Amino acid sequence: MRFFLRSRQFKIIVAVFCSVVLLTVSFVFIGKRMAPQTDIASTIAAPFRNFFTSVSNIVSDFTQNYNSGTKLSLENAELKAQIDELRKKIADYDQISAQNELYKDFLEIKENNPDFKFADAAVISRDSDDPYGSFTINKGSAADISKYDPVICDAGIVGYVTEVGLTSCKVTTILSPDITLGALDNRTNDSGLITGSLSFAQNGMCRFANLSRSCKVAIGDYVITSGEGIFPEGLLVGSVNNIGVDDGNNSIYAEIKPFAEISNLRSVMVITSFEGQGGISVGDGK
């Protein structure tokens, strides 16, 4: 018996038995958990898996934000287009309203003077070197405007056309000494001549000259055109601001404040035709 326990056969039997027991225990253990090499790989890969998950989340958030931003940009572009369209409509409305107001202001003049023909125009530039306030309007011979046509605004006389192009023309104002027009005191009917001078123009004034020493012109009187020269009769010129004596010919003159605000004009009317049109009076440049 002792020799059998030490024999090779016994050792083989023991080894086989141990192997069977080990395999049995291993299968039971494996049934309950994953293979060891799988756990090791999972542990090693965990940081990388977390990193790629974070990157994926960042990319996903960026994509969502980009899509949201693109959508907002498109919405903002649409809103901007709508605002621009509304602004254009408001601008058009303001222009139409201003034009309607202009026509309304001239309606009474037209009703009182059915022989008048008008061309409405806008001031597009001013001559900064001209102390008498000349300017350019956006209408010309294509609108039947001719040289020496009278130019007025809703308040009264502005000046007359001195240069004509196809689609624009230059207007010389009543502040200039280049023009002389017949005028009357609307209250007393005293007559004289409206003309300009540099000293008067610097204050936005013109002269009502050659008045009789016996005239009854007073400060505050209105002055209107008499119909002599290039302007039709009955148009407002301005009001008497001061009265003085002309030392040159011992006559009376009045300082006139034009009703038309020459430096602030935006729209005017050119009288292209009226009954009795023709003839011109020009100043001597004093």
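Just so you know, these numbers come straight off a predicted model, no measurement behind them.

Caption draft 1: How the structure looks around the overall build of the protein. A tally of helices and strands in the protein yields 4 helices and 12 strands. Each of the 286 residues in the protein was classed as buried or not, and the buried ones make up 31%. Restricting the contact set of the protein to residue pairs at least 6 apart, pairs at least 24 apart contribute 58%. Total accessible area computed for the protein in this model is approximately 18,300 Å², and 56% of it derives from carbon and sulfur atoms.

Caption draft 2: Up close: the pattern of salt bridges. Counted according to the given criterion, the structure contains 3 salt bridges. Between Arg-187 and Asp-221 there is a salt bridge, with the nearest N and O atoms lying 2.9 Å from each other. Pair noted here: Arg-187 is in the loop between strand E6 (181-185) and strand E7 (191-195) and Asp-221 is in the loop between strand E8 (206-211) and strand E9 (222-225), with a separation of 34 residues, a long-range link. Among the residues examined, Asp-221 registers a relative accessible area of 7% and is labelled buried. Between Arg-207 and Asp-246 there is a salt bridge whose closest N-O contact spans 3.0 Å. Here the residue Arg-207 occupies a position in strand E8, and Asp-246 occupies one in strand E10 (residues 236-246), the gap between them amounting to 39 residues.

Caption draft 3: Inspection of the sheet that holds strand E5 (residues 169-173) at higher detail. With respect to topology, 6 strands assemble into a closed barrel ordered E1-E2-E5-E4-E3-E12, the strand pairing being antiparallel. Between one strand axis and the next, the sheet turns by 45° as a mean value, whatever way the strands run. Looking at chain direction, strand E2 (residues 135-137) and E5 are connected through 3 bridges and run antiparallel. Across the sheet, residue Phe-135 finds its bridge partner in E5, namely Val-171.

Criteria and thresholds
Residues numbered from 1 in each chain as written. Predicted model: local features only at pLDDT ≥ 70, side-chain atom pairs only at ≥ 80, totals over all residues. Heavy atoms only, no water. Helix = DSSP H or I, 4+ residues; strand = E, 2+ residues; numbered from the N terminus. Buried < 20%, exposed > 50% of the residue type's maximum accessible area, 1.4 Å probe, protein only. Contact = heavy atoms within 4.5 Å. Areas by Shrake-Rupley, 256 points an atom, 1.4 Å probe, with all protein chains shown as cover. Salt bridge = Lys/Arg side-chain N within 4 Å of Asp/Glu carboxyl O. Pairing = 2+ DSSP bridges. Axes fitted to C-alpha atoms, helices over the stretch in contact; angles between N-to-C directions.

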